Amino acid sequence: MPKLKIYTFPDTVLAQKALPVQRVEKSYYQLVEDMLETMYEAPGIGLAANQVGVLERLVVIDVDYTRDEDDERAPDPDLEMKKKNPIILINPEIIYREGSTITREGCLSVPDFRSEVKRADKIKLRFQNIDGLEKELSAEGILSVCIQHELDHLEGTLFIDRLSSLKKDFAKKKLIKARRGSSR
Ligand code: ZN
């Protein structure tokens, strides 16, 4: 069981804008730890606070860690830890974008649906780390796409909101129908 509940479309918390973290306090350590555990467990490569019902500008990402689903052996905790490369972004802000790229995206909050989304290819980001220190980060490839996807969550935007209106309507109807089916 994942540590935290992941909210799924059409839960309204996903459509709300997250507020800036005023002061990065020790209390965020636990939230970040729980979010990471939930993300790895799901499994996913990114999780925004909105997705676990917290409307604050905080995101966790790990595009390097992929658990081998076919591996039946119990995971070696030391080895597992080495493979993990979590990035924690507090109050992230994109300060530079370059080029464009199209990637097939999915989202833990939009189960069983994937679609191609166009985003900037390279980005530069300003954020605070878990100690509240100002940092900058340049990203490209899957990390860049993942960061842009997670930052959209903080604005209350899902990747399906970025599709053409026809595709978006189709996706939303399908998701609402699937959800009704599963709650019966
Ligand atoms: Zn997402």
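My aim in this report is to walk through the structure given alongside it, one point at a time. These numbers were taken from a predicted model, which means no experiment stands behind them.

**Notes on the coordination of the zinc ion**
Turning to step 1, where the next piece is worked out: Coordination of the zinc ion by the protein involves Cys107 (SG), His149 (NE2) and His153 (NE2), with metal-donor separations of 2.1 to 2.3 Å.
Turning to step 2, where the next piece is worked out: If you list the donors of the zinc ion from N- to C-terminus, the spacing comes out as C-x41-H-x3-H. Placement of the pair is Cys107 in strand E4 (residues 101-107) and His149 in helix H3 (residues 141-154), with a sequence separation of 42 residues.

**Some words on the pattern of salt bridges**
Turning to step 1, where the next piece is worked out: Taken as a whole and assessed by the stated rule, the structure comprises nine salt bridges.
Turning to step 2, where the next piece is worked out: Across the salt bridge formed by Asp152 and Arg119, the nearest N and O atoms sit 3.0 Å from each other. Pair noted here: Asp152 is in helix H3 and Arg119 is in strand E5 (residues 110-119), with a separation of 33 residues, a long-range link. Across this residue pair, the class does not change: Asp152 and Arg119 are buried.
Turning to step 3, where the next piece is worked out: Measuring nitrogen to oxygen at the nearest pair gives 2.6 Å for the salt bridge that ties Arg162 to Asp152. Here Arg162, found in the loop between H3 and helix H4 (165-183), pairs with Asp152, found in helix H3; they are 10 residues apart in sequence, far enough to count as distant.
Turning to step 4, where the next piece is worked out: Several salt bridges converge on common partners, so that one network encompasses Glu105, Arg119, Asp152 and Arg162.

**Here's the deal with the nonpolar core**
Turning to step 1, where the next piece is worked out: If you look at the biggest cluster of nonpolar residues, it comprises 19 residues, and the most contacted ones within it are Val32, Met35, Leu36, Leu47, Leu58, Val60 and Ile90.
Turning to step 2, where the next piece is worked out: Sorting the residues of this core by element identifies helix H1 (27-41), strand E2 (58-61) and strand E3 (87-98) as the ones contributing at least two each.
Turning to step 3, where the next piece is worked out: It is H1 that provides the largest number of residues to this core, a total of seven residues.
Turning to step 4, where the next piece is worked out: Beyond its immediate sequence surroundings of up to four residues, Leu36 is in contact with Val60, Pro86 and Ile88.
Turning to step 5, where the next piece is worked out: Of all hydrophobic cores here, the second largest spans 16 residues; its members include Ile94, Leu125, Ala139 and Ile147.

**Some thoughts on unusual backbone geometry**
Turning to step 1, where the next piece is worked out: Omega for the peptide link from Phe9 to Pro10 comes to 5 degrees, which places this bond in the cis form.
Turning to step 2, where the next piece is worked out: With respect to the helices and strands, the residue Pro10 is situated in the segment before H1.
Turning to step 3, where the next piece is worked out: In this chain, Ala42 is followed by Pro43 through a cis amide linkage whose omega measures -10 degrees.
Turning to step 4, where the next piece is worked out: Considering the arrangement of structural elements, one finds Pro43 in the loop between H1 and strand E1 (46-48).
Turning to step 5, where the next piece is worked out: In this model, Asn91 sits at a positive phi of 50 degrees, which is unusual for a non-glycine residue.

**Observations regarding the sheet that holds strand E6 (residues 122-128)**
Turning to step 1, where the next piece is worked out: The sheet built from five strands is open, its strands ordered E1-E2-E3-E6-E7 with antiparallel pairing. Each edge of the open sheet is held by one strand with a lone partner, namely E1 and strand E7 (134-140). For this sheet, the mean inter-axis angle between neighbouring strands, taken without regard to orientation, is 40 degrees.
Turning to step 2, where the next piece is worked out: Here six bridges tie E3 to E6, and the two strands are oriented antiparallel to one another. Bridge pairing links Glu98 to Lys122 in E6.
Turning to step 3, where the next piece is worked out: Seen against the sheet, H1 touches E1, E2 and E3 and runs at an angle of roughly 40 degrees to E2.

Each value, and the rule that gives it
- Sequence order sets the numbering: in each chain, residues are counted from 1 along the sequence as written.
- Given that this is a predicted model, residues contribute local features only at a pLDDT of at least 70 and side-chain atom pairs are listed and counted only at 80 or more, while totals for whole chains, interfaces and linings are drawn from all residues.
- Derived side-chain values reflect all non-hydrogen atoms in the structure, with water molecules and hydrogen atoms excluded from consideration.
- Coordinating donors are taken as N, O and S atoms within 2.8 Å of the metal, stretched to 3.2 Å for Na, K and Ca; because water is absent from the atoms, sites can appear incomplete.
- For helices the rule is a DSSP run of H or I covering at least 4 residues; for strands it is a run of E covering at least 2, with both sets numbered from the N terminus onward.
- When a carboxyl oxygen of Asp or Glu is within 4 Å of a side-chain nitrogen of Lys or Arg, the pair counts as a salt bridge.
- Three labels apply to residues, based on accessible area from a 1.4 Å probe with only protein chains included: buried if under 20% of the type maximum, exposed if over 50%, partly exposed otherwise in between.
- Remark: nonpolar core denotes a set of buried residues (Ala, Val, Leu, Ile, Met, Phe, Trp, Tyr, Cys) joined through side-chain atoms within 4.5 Å.
- Residue contacts are counted whenever heavy atoms from the two residues lie within 4.5 Å of one another.
- For two strands to be treated as a pair, DSSP must find no fewer than two bridges joining them.
- What counts as an axis is a line fitted to C-alpha atoms, over the stretch in contact for a helix, and the angles between N-to-C directions run from 0 to 180 degrees.

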